[in-house]
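Take a look at the letters that make up each chain.
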There are 2 protein chains.
Amino acid sequence: MFEFNLDGQEQEARAGTLRLPHGNVLTPCFMPVGTHGAVRGLHPDEVMRAGAQIILGNTYHLHLRPGEEVVAAMGGLHQFASWPRPMLTDSGGFQVFSLSGMRRIDEDGVEFKSHIDGSLRRLTAERAMEIQWALGADVAMAFDHVAPGQASHDDAREAMERTLRWLVRCRERHIELTAADPDRQTLWPIVQGGVHADLRQRSLAGILDSGPWTGIAIGGLSVGEPKPVMHRVLEGLAPDLPKDRPRYLMGVGFPEDLIEGIARGVDLFDCVAATRNGRHGSAWTADGKVQVRGARLRLDQGPLDPECDCEACRRFSRGYLRHLFVAEEQLGQRLVSIHNVHFLIRLGSMAREQILKGTFHQWAGEWRRRYLSEASE
Amino acid sequence: MFEFNLDGQEQEARAGTLRLPHGNVLTPCFMPVGTHGAVRGLHPDEVMRAGAQIILGNTYHLHLRPGEEVVAAMGGLHQFASWPRPMLTDSGGFQVFSLSGMRRIDEDGVEFKSHIDGSLRRLTAERAMEIQWALGADVAMAFDHVAPGQASHDDAREAMERTLRWLVRCRERHIELTAADPDRQTLWPIVQGGVHADLRQRSLAGILDSGPWTGIAIGGLSVGEPKPVMHRVLEGLAPDLPKDRPRYLMGVGFPEDLIEGIARGVDLFDCVAATRNGRHGSAWTADGKVQVRGARLRLDQGPLDPECDCEACRRFSRGYLRHLFVAEEQLGQRLVSIHNVHFLIRLGSMAREQILKGTFHQWAGEWRRRYLSEASE
């Protein structure tokens, strides 16, 4: 269980198979985000038909509502949300530092105010493990101190070192929790260090020292830093990341980010942009973005993306989708969300195919030129 | 085409089959409302799987957005909205008098302000026919002057008489429009007259004089008058309504209204309550209403309605549905809407079965006792 097999490689780009308790995941792979135990606006069958092999759950949100004790009593997150395939939960670290009124951080953990009712809460390395164990995802993430994107070297170093110390506690607690059933959930560490190459190296070295691990995540990116900076961090880490472990770039991304991440050796991605953009009527196509509300779609009988085989594109016209957005019918938000999720999932599977054929970099160049061309609306 | 066959009868309650261009409709039948060319929050496949044989479109809304010329250019409402089964459009009369800033009414028609952009618009008997022909539903409705529920005898009489005069113009224009293709769309008149028995009789007599018709609607009810008043109007009309024509009670209703309407000879119903209540987390069950947000559902692993075979009840727990509402996930609104729509559709088909067996009135009594019992939340 939790094995990762490298099926093919082209320079840094990789194609692999990750074995998880609820099924296998072929990489590169985009994981839709199911914040509250549902991918926003979508039915689990729609997520499955969009091709999702694995989805995320957010520990912070599920801890606040409905509470992990409710999810556990209802049979765990898979049963609660009626999702039979693999799931991954984040640790709550990112949300605690970004969403909530963070009150106090010390060596033990973080005190924060719920963004829902203002109640005072506490999250620690141990609690993050206990909550994720109660939720029951296939993959749990270590509790990390996420420094802001613009953090100074000193601040980023402090957060990174604390994350390493917390990792040791996460691991200990996770081993205790899973002792009786070690094949049910694995724990992945998170590389931190902001935009500072030396800190990223030290973070990764510390993680590898406290291993072994079945996968490694890269956190604290795509938080406002310029894209080339993110690319440099990935390029800096790639040579030292174990080849035989999946690499998960957290909170990324947009279509072009997947292409750049895959080119730099990333296997797994997650991001809310697919559904968020879908709800706002912004659709991704091979020729770039389409604004679904645009007046020029009014009488357009063609599909949103002529090359797409998603449920929205196979069935509905651009003109109808535009009408749904203009009339503020939820069905429009749903259909464009399905399209965007499928678009990223298909991008992952197309990349995989190209890597296995050894043609990824050539294909990626053509993809970039077309996607970023002036034809884009 | 447009034939109605009476398959069975038990006192006033009727079971029939209505033949329409896009398929047959077994009655009694609830028709979900697709205001903007979509049943709110639902995918056409969900509406179909909920058992809908026919849905409504709103002429007023579709005229304003996207405009009937757009719908026609996109192949008509069936193709635009991807709905292959029968459709009925109302005439816009009800919305013009209830929703819009109605400016002026005269013998020719109504001047009103769009509730969307405040623009000044005009609807006449002829325009209502032209718009509905462009939309292309199987059944078009006559343009009527809908008086408020509390209208005096004088006001109700004036509106009813005007509706009769408009009916003659509707018919003339409809015959012209359908001349080349008379099997594509039929026109149904609307009985008006408020809560006044004599006016209702005169309205019906006027309609029958200007016939023949393939169906007859009863409008201006369920607009605030007490339920017994609505029942008396239905009882007053039943003996004089042609037995061999379908009867459509517009804008009704709630589950108990369907039972009462069917008992009084109604064949077709429509109402937005199923989806509106669904969006607000109010679910209908055989034991009455369930408030899905209720704290007592928190750990409830059972289905919303144990006797229901809808997609929501077969797959999701009450606890999960409650969570979706508390977390404000759209999927919750969708699932409870599906349930409510299916509940009304199933009520129609159960009633049909009972009528054909001659046990409707006994069954209806038991149904009422249970649905209206104290067990209801």
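For the structure itself, look to the data block above.
Per chain, the residues get numbers from 1 upward, laid out in the order the sequence is written. Starting at A for chains and at 1 for ligands, labels are handed out in the order in which the entities are written. With the structure being a predicted model, the display of local features is reserved for residues of pLDDT at least 70 and the display and counting of side-chain atom pairs for 80 or more, all residues being used for whole-chain, interface and lining totals. Water and hydrogen atoms were dropped before computing side-chain values, which therefore reflect all heavy atoms in the structure.

What follows deals with the overall build of chain A. The helix and strand tally for chain A stands at 15 helices and 18 strands. Taking 21 Å as the expected radius of gyration for a compact globule of 377 residues, we find that chain A reaches 20 Å, a close match to that expectation. Once the C-alpha set of chain A is aligned to its principal axes, its extents read approximately 60 × 45 × 40 Å. For chain A, the proportion of its 377 residues judged to be buried stands at 61%. Put simply, 67% of the contacts in chain A that link residues at least 6 apart link residues at least 24 apart. Helix numbering and strand numbering both begin at the N terminus, where a helix is a DSSP run of H or I of at least 4 residues and a strand a DSSP run of E of at least 2. The size measure is the radius of gyration over C-alpha atoms, and the globule rule it meets is 2.2 Å times the number of residues to the 0.38 power. Each residue's exposure class comes from its accessible area (1.4 Å probe, protein chains only) as a fraction of the maximum for that residue type: buried when under 20%, exposed when over 50%, partly exposed otherwise. Contacts are residue-level and defined by heavy atoms, with any inter-residue pair within 4.5 Å sufficient.

We now examine unusual backbone geometry. Pro28 of chain A follows Thr27 of chain A through a cis peptide bond whose omega is 0 degrees. Here Pro28 of chain A lies in the loop between strand 3 (23-27) and strand 4 (29-31). You will see that Phe2 of chain B, though not glycine, has its phi angle at about 65 degrees, which is positive. Looking at the element boundaries, Phe2 of chain B is found in the segment before strand 1 (4-10). On the basis of relative accessible area, Phe2 of chain B is assigned to the buried category, the value being 8%.

What follows is about the interface of chain B and chain A. By a widely used convention, the size of an interface equals the accessible area lost when the partners come together. Listed per partner, the contact involves 40 residues of chain B and 40 residues of chain A. Take the accessible area each of two parts loses on contact, using a 1.4 Å probe, and add the two losses: that sum is the buried area. Approximately 3600 Å² of surface area, both sides summed, lies buried where chain B meets chain A, with 49% of it carried by carbon and sulfur atoms. For salt bridges, the criterion is a side-chain nitrogen of Lys or Arg within 4 Å of an Asp or Glu carboxyl oxygen. Between chain B and chain A we count eight salt bridges in total. Its salt-bridge partner being Glu329 of chain A, residue Arg40 of chain B comes within 3.3 Å of it at the nearest N-O pair. Polar contacts here mean pairs of N or O atoms no more than 3.5 Å apart (in protein, one a potential hydrogen donor and the other a potential acceptor; neighbouring residues in sequence count only if both atoms are side-chain atoms). Connecting chain B to chain A are 24 residue pairs in polar contact (both at pLDDT 80 or more). Listing elements by their share of the side of chain B that touches chain A, those giving two or more residues are helix 1 (44-49), helix 3 (68-73), helix 4 (77-80), helix 13 (318-326) and helix 14 (330-357) of chain B.

Bringing the pairing of strand 18 (residues 288-291) of chain B into the picture now. All names here are of chain B. Two strands are said to pair when DSSP picks up at least two bridges between them. Sheet analysis places strand 17 (residues 282-285) next to strand 18, joined by four bridges and oriented antiparallel. Across the sheet, residue Trp284 finds its bridge partner in strand 18, namely Lys289. The hairpin formed by strand 17 and strand 18 contains two residues between the paired strands.

Okay, the packing of aromatic side chains next. Each Phe, Tyr or Trp ring (for Trp, its six-membered ring) is paired with any other whose centre lies within 6.5 Å, and the angle between the two planes then decides the class: stacked below 30 degrees, edge-to-face above 60, tilted in between. Under the criterion given, the structure shown has 16 aromatic pairs over all chains. Ring plane angle 80 degrees and centroid distance 5.0 Å describe the contact between Phe80 of chain A and Tyr320 of chain B, whose orientation is recorded as edge-to-face. Of this pair, Phe80 of chain A sits in helix 4 (residues 77-80) while Tyr320 of chain B sits in helix 13, on two different chains. Residue Phe80 of chain A is classed as buried on the basis of its relative accessible area, which comes to 3%. Measuring from ring centre to ring centre gives 4.6 Å for Trp367 of chain A and Tyr371 of chain A, while their planes differ by 10 degrees; the resulting arrangement is stacked. Highlighted residues: Trp367 of chain A and Tyr371 of chain A, both in helix 15 (residues 360-371), separated by four residues, approximately one helical turn. Of the aromatic side chains, those joined through ring pairs into one cluster are Phe80 of chain A together with Phe316 and Tyr320 of chain B. For Arg171 of chain A, the ring lying beneath its charged end belongs to Trp213 of chain A, and the centroid distance is 4.7 Å. In this analysis the charged atom, NZ for Lys or CZ for Arg, is taken to sit over a ring once it is within 6 Å of the ring centre and within 35 degrees of the ring normal. One cation-aromatic arrangement involves Arg184 of chain A over Trp133 of chain A; the distance from NZ or CZ to the ring centre is 4.1 Å.

On to helix 8 (residues 197-209) of chain A, then. Here helix 8 of chain A spans 18 Å end to end across 13 residues, near enough to the 18 Å set by a 1.5 Å rise per residue. Packing partners of the buried residues in helix 8 of chain A comprise helix 7 (153-178), strand 13 (190-191), strand 14 (216-218) and helix 9 (227-237) of chain A. Helix span, expected: 1.5 Å multiplied by one less than the number of residues in the helix.

Quick look at the packing of helix 8 of chain A against helix 9 of chain A now. Residues and elements named next belong to chain A. Fitted lines through C-alpha atoms serve as axes, helices being fitted only where they are in contact, and the angles separating the N-to-C directions of these axes extend from 0 to 180 degrees. Where helix 8 contacts helix 9, the two axes come as close as 10 Å, and the packing angle between them is 40 degrees. Judged on the interaxial angle alone, helix 9 and helix 8 are oblique. Of the two elements, helix 8 crosses helix 9, and the hand of that crossing is right-handed. Across the interface between the two elements, Arg200, Gln201 and Leu204 of helix 8 pack against Val233, Gly236 and Leu237 of helix 9. Our angle categories are set so that under 35 degrees counts as roughly parallel, over 145 as roughly antiparallel, 65 to 115 as roughly perpendicular, and the remainder as oblique. For any pair of crossing helices, the crossing counts as left-handed if the nearer helix is rotated counterclockwise from the farther one by less than a right angle, and right-handed if it is rotated clockwise.

Residues and elements named next belong to chain A. Relative to strand 3, strand 2 (residues 13-20) runs antiparallel, the two being bridged by five bridges. Bridge pairing in strand 3 places Thr17 opposite Leu26. Two successive antiparallel strands, strand 2 and strand 3, enclose a turn made up of two residues.

Only residues with pLDDT of at least 70 in both copies count here: their C-alpha atoms drive the least-squares fit that superposes the copies. For these two chains of identical sequence, chain B goes onto chain A by a turn of 180 degrees and a shift of 0.0 Å along the axis, with RMSD 0.0 Å. These values place the two chain copies in the arrangement generated by a two-fold rotation axis. Across chain B, the smallest distance between a C-alpha and the rotation axis is recorded for Gln330 of chain B, namely 4.2 Å. Of the residues that chain B buries at the interface, 100% are likewise interface residues in chain A, meaning the two copies contact each other through the same surface.

This part takes up the sheet that holds strand 16 (residues 268-270) of chain B. Residue and element names in this part refer to chain B. Sheet architecture is open: five strands sit in the order 4-16-15-14-13, paired in parallel fashion. Bordering the open sheet on either side are strand 4 (29-31) and strand 13 (190-191), each of which pairs with just one other strand. By the bridge criterion, two bridges tie strand 13 to strand 14 (residues 216-218) in an arrangement that is parallel. By the bridge assignment, Val191 is partnered in strand 14 with Ile218.

Another point: the environment of Glu353 of chain A. All names here are of chain A. Examined against the element boundaries, Glu353 turns out to sit in helix 14 (residues 330-357). What makes Glu353 partly exposed here is its relative accessible area of 47%. A sequence separation of 345 residues divides Glu353 from Gly8, and the C-alpha atoms of the two residues are 9.6 Å apart.

It is worth spelling out the pattern of salt bridges at this point. Under the definition given, this model contains 66 salt bridges over all chains. A salt bridge links Arg169 of chain A to Glu126 of chain A; the shortest N-O distance between them is 2.9 Å. With Arg169 of chain A in helix 7 and Glu126 of chain A in helix 6 (residues 125-135), this residue pair connects regions lying 43 residues apart in the sequence. Accessibility expressed as a relative area gives 24% for Glu126 of chain A, which makes it partly exposed. Two residues, Glu69 of chain B and Arg298 of chain A, come together in a salt bridge whose shortest N-O distance is 3.3 Å. Placement of Glu69 of chain B in helix 3 and of Arg298 of chain A in the loop between strand 18 (288-291) and helix 12 (311-315) is noted, with the two residues assigned to different chains. Among the residues examined, Glu69 of chain B registers a relative accessible area of 45% and is labelled partly exposed. Members of the salt-bridge network, linked through shared partners, are Arg104, Asp106, Asp108, Glu111, Arg122, Glu126 and Arg169 of chain A.

Residue and element names in this part refer to chain A. Considering the arrangement of structural elements, one finds Glu260 in helix 10 (residues 255-263). What makes Glu260 buried here is its relative accessible area of 13%. A distance of 2.9 Å separates polar atoms of two side chains, one belonging to Glu260 and the other to Arg264. Apart from the residues lying within four places of it in its own chain, the contact partners of Glu260 are His231 and Arg368.

On to the environment of His36 of chain A, then. Along the polypeptide, His36 of chain A turns up in the loop between strand 5 (33-34) and helix 1 (44-49). Taking the C-alpha atoms as reference points, His36 of chain A and His61 of chain A, 25 residues apart in sequence, are found 6.1 Å from one another. In terms of polar contacts, His36 of chain A uses its side chain to reach the side chain of Glu329 of chain B, at 2.9 Å.

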